[in-house]
Amino acid sequence: MAGIQSHIEMESLEVHSVIDLEEECLINHGSNDRRTRYMGEAPHRYYSVALCSEDWGWKDIWQIVLSRTKVVFLSNKINLLVPCGPVAVLVDLLTGHQGSVFLLSLLGTIPLAERLGWVTEQLAFYTGPTVGGLLNATFGNATELIISIHAMKSGMMRVVQQSLLGSILSNMLLVLGSAFFSGGIVHSNKEQVFNKANAEMNSGLLLMAVMGLLFPAMLHVTRTELHFGKSELALSRFSSCVMLVAYTAYLFFQLKGQRNLHVPISEEESQNDGSFDDEETPQISKWESIIWLSILTALLSYLSEYLVNAIEGASVALNIPVAFISVILLPIVGNAAEHASAVMFAIKDKLDMSLGVAIGSSTQISMFGIPFCVVYGWVLGLPMDLNFQLFETATLFMTVLVVAFMLQEGTSNYFKGLMLLLCYLIVAASFFVHIDPESILDKPET
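Residues numbered from 1 in each chain as written. Predicted model: local features only at pLDDT ≥ 70, side-chain atom pairs only at ≥ 80, totals over all residues. Heavy atoms only, no water.

## Here we look at the overall build of the protein chain
- The secondary structure content of the protein chain amounts to 18 helices and 2 strands.
- The contacts of the protein chain with a sequence gap of at least 6 include a subset with a gap of at least 24, amounting to 82%.
- Carbon together with sulfur atoms contributes 65% to the accessible area of the protein chain, which is approximately 21,800 Å² in total. (Helix = DSSP H or I, 4+ residues; strand = E, 2+ residues; numbered from the N terminus. Contact = heavy atoms within 4.5 Å. Areas by Shrake-Rupley, 256 points an atom, 1.4 Å probe, with all protein chains shown as cover.)

## Brief notes about the side chain of Ser-203
- Mapped onto the elements of the fold, Ser-203 is located in helix α8 (residues 196-222).
- When its relative accessible area of 11% is taken as the criterion, Ser-203 is described as buried.
- Excluding residues that lie within four positions of it along the chain, Ser-203 makes contacts with Ala-404 and Leu-407. (Buried < 20%, exposed > 50% of the residue type's maximum accessible area, 1.4 Å probe, protein only.)

## Quick word on the side chain of Thr-395
- Mapped onto the fold, Thr-395 is located in helix α16 (residues 390-407).
- A polar contact is formed between the side chain of Thr-395 and the backbone oxygen of Phe-391, at a distance of 2.8 Å.
- Discounting residues that sit within four places of it in the chain, Thr-395 has contacts with Leu-169, Val-427 and Phe-431. (Polar contact = N/O pair within 3.5 Å; in protein donor to acceptor, adjacent residues only side chain to side chain.)

## Some thoughts on the environment of Pro-383
- With respect to the helices and strands, the residue Pro-383 is situated in the loop between α15 (351-380) and α16.
- By relative accessible area, which is 52% here, Pro-383 ends up exposed.
- On a C-alpha basis, the gap between Pro-383 and Gly-155 in space is 9.5 Å, while along the polypeptide they are 228 residues apart.
- Filtering out sequence-adjacent residues up to four positions away, Pro-383 remains in contact with Met-157 and Leu-233.

## Regarding the confidence of the model for the protein chain
- Summarising the model, the protein chain shows a mean pLDDT of 78, and 77% of its residues fall at 70 or more.
- When mean pLDDT is taken per element in the protein chain, helix α17 (residues 414-432) scores highest with 94 and helix α1 (residues 2-29) scores lowest with 44.
- In this model, residues 1-54 is a region of pLDDT below 50 whose contacts with residues beyond four sequence positions or in other chains number 65 contacts.
- Counting contacts from residues 440-446, a segment whose pLDDT is below 50, to residues more than four positions away or on other chains yields 14 contacts. (pLDDT = per-residue confidence, 0-100.)

## Here we look at the nonpolar core
- Of all hydrophobic cores here, the largest spans 80 residues; its most connected members are Phe-102, Leu-176 and Leu-407.
- Considering each element in turn, this core owes the most residues, 14 residues, to helix α7 (residues 157-186).
- If we ignore the near neighbours within four places in the chain, the residues touching Leu-176 are Asn-171, Leu-355, Ala-358, Ile-359, Val-403, Leu-407 and Leu-420.
- Grouped together as the second largest cluster of nonpolar side chains are 17 residues, Val-72, Trp-292, Leu-296 and Leu-303 included. (Core = buried A, V, L, I, M, F, W, Y, C linked by side-chain atoms within 4.5 Å.)

## Details of the packing of helix α4 (residues 98-124) against helix α13 (residues 322-334)
- Where α4 meets α13, the axes come as close as 8 Å, and the angle between the chain directions of the two elements is 40°. As far as their axial angle goes, α13 and α4 are oblique. Between α4 and α13, the residues in contact are Phe-102, Leu-106, Thr-109, Ile-110 and Ala-113 and Ile-325, Leu-329, Leu-330 and Val-333, respectively.
- Across the contact of α4 with α13, the residue classes tally to 8 nonpolar, 1 polar and no charged. (Axes fitted to C-alpha atoms, helices over the stretch in contact; angles between N-to-C directions. Parallel < 35°, antiparallel > 145°, perpendicular 65-115°, else oblique. Nonpolar A, V, L, I, M, F, W, Y, C, P; charged D, E, K, R; others polar.)

## A short note on unusual backbone geometry
- Within the chain, Arg-223 stands out as a residue other than glycine whose phi angle is a positive 55°.
- You can see Arg-223 is positioned in the loop between α8 and α9 (231-256).
- Note on Arg-223: relative accessible area 52%, which makes it exposed.
- Residues other than glycine seldom take positive phi values, yet Asn-319 does so here, at roughly 60°.
- Within the secondary structure, Asn-319 is located in the loop between α12 (311-318) and α13.

## Regarding the packing of α13 against α17
- Interhelical geometry of α13 versus α17 gives an angle of 140° and a closest axis separation of 7 Å. Considering their axes alone, α13 and α17 lie oblique with respect to each other. Seen along the crossing, α13 lies across α17 with a hand that is left-handed. Contacts between α13 and α17 involve Ala-323, Phe-324, Val-327, Ile-328 and Ile-332 from the first element and Tyr-424, Ala-428, Phe-431 and Phe-432 from the second.
- Considering only residue class, the contact of α13 with α17 consists of 9 nonpolar, no polar and no charged. (Left-handed = near helix turned anticlockwise from the far one by under 90°.)

This is the structure we're talking about:
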């Protein structure tokens, strides 16, 4: 406890030193246009940094940069994996061993994805709960979209399809199952509840996504295309546009109408009791959040290129099917931030927030991420479609049905979480023994 207290005191002194420097700059210049303003209404308020180069030396500016970098990168133990990213680049340049490059870049992506989610949460403090939830869902899936774009540019369409599919399966079974299980264990003396109306709406959107993926796959299997080789792609592009319209309408519904349907039950109870969570305060300012969001996205994009390029070589070196890497390993890394957040919220008995992280993320990937990749491939002239093959589509269909039945009562317990986790083990084992004939022909461009 003494070490934790001293660490908190040191961070407090650093924050006050930054504010003192900025106030000194303000007094010396005495101009209204350089006044700093409070960012948000939280108890811990941070000033925007005004760079007064006339009064500040490089040492003072460097001290501020180091203090803010320390807050971002040294506040979580998972950041110990950050050096794995640069090591992966060095291994690729010096040895070219694809198995090692893949594993190192996979580990290096985990802290970047987690920090990206953390910075997004910091930015959400200044945008309000509704827009903040949208930001969390959007940038929470940034890792999957970045990996998919790099894979698409390399011509690896099946990796794109399977990684997005795997992200949905991981969120719905692994992340939600872990949240239900951990929350049920901690609160074993009661049955946790969540907003049933919101869960039903997300289940409906997920079933619509299954419909969009099912018909192109059935056209391909039954060979009933009107124009062989063209109708399947045309239907996929049309369905993707319809799904994007549906998701836009869903966002409008969330932002403008029926807001009471989406207020978490735990939040309503806390407001009625007059209690607030003192821990939920921003640690960096709004503009710092935007800057770090840009930096982390760029780093994640750079490292994802090495990760994607090493997939085929790692499959051969490690003797692991490409389908298993794409559906299981990549999504686990991309969903690391969501996984930790969902479990944490469930332990705090904020199950609506856990559900928003897991099911909300799955909804966005299925209704926005997948259609976006199809439209993006259309713009690039690439044959990206919604035919995920019958095995993958059937897996998604069964997963959505299982989760929908789990959510229909509006309650959760550790047994439901255990069932979801066991279902994920079955899915993982299935893809480990599954040979995807399409991936054999789907080689990256050299």
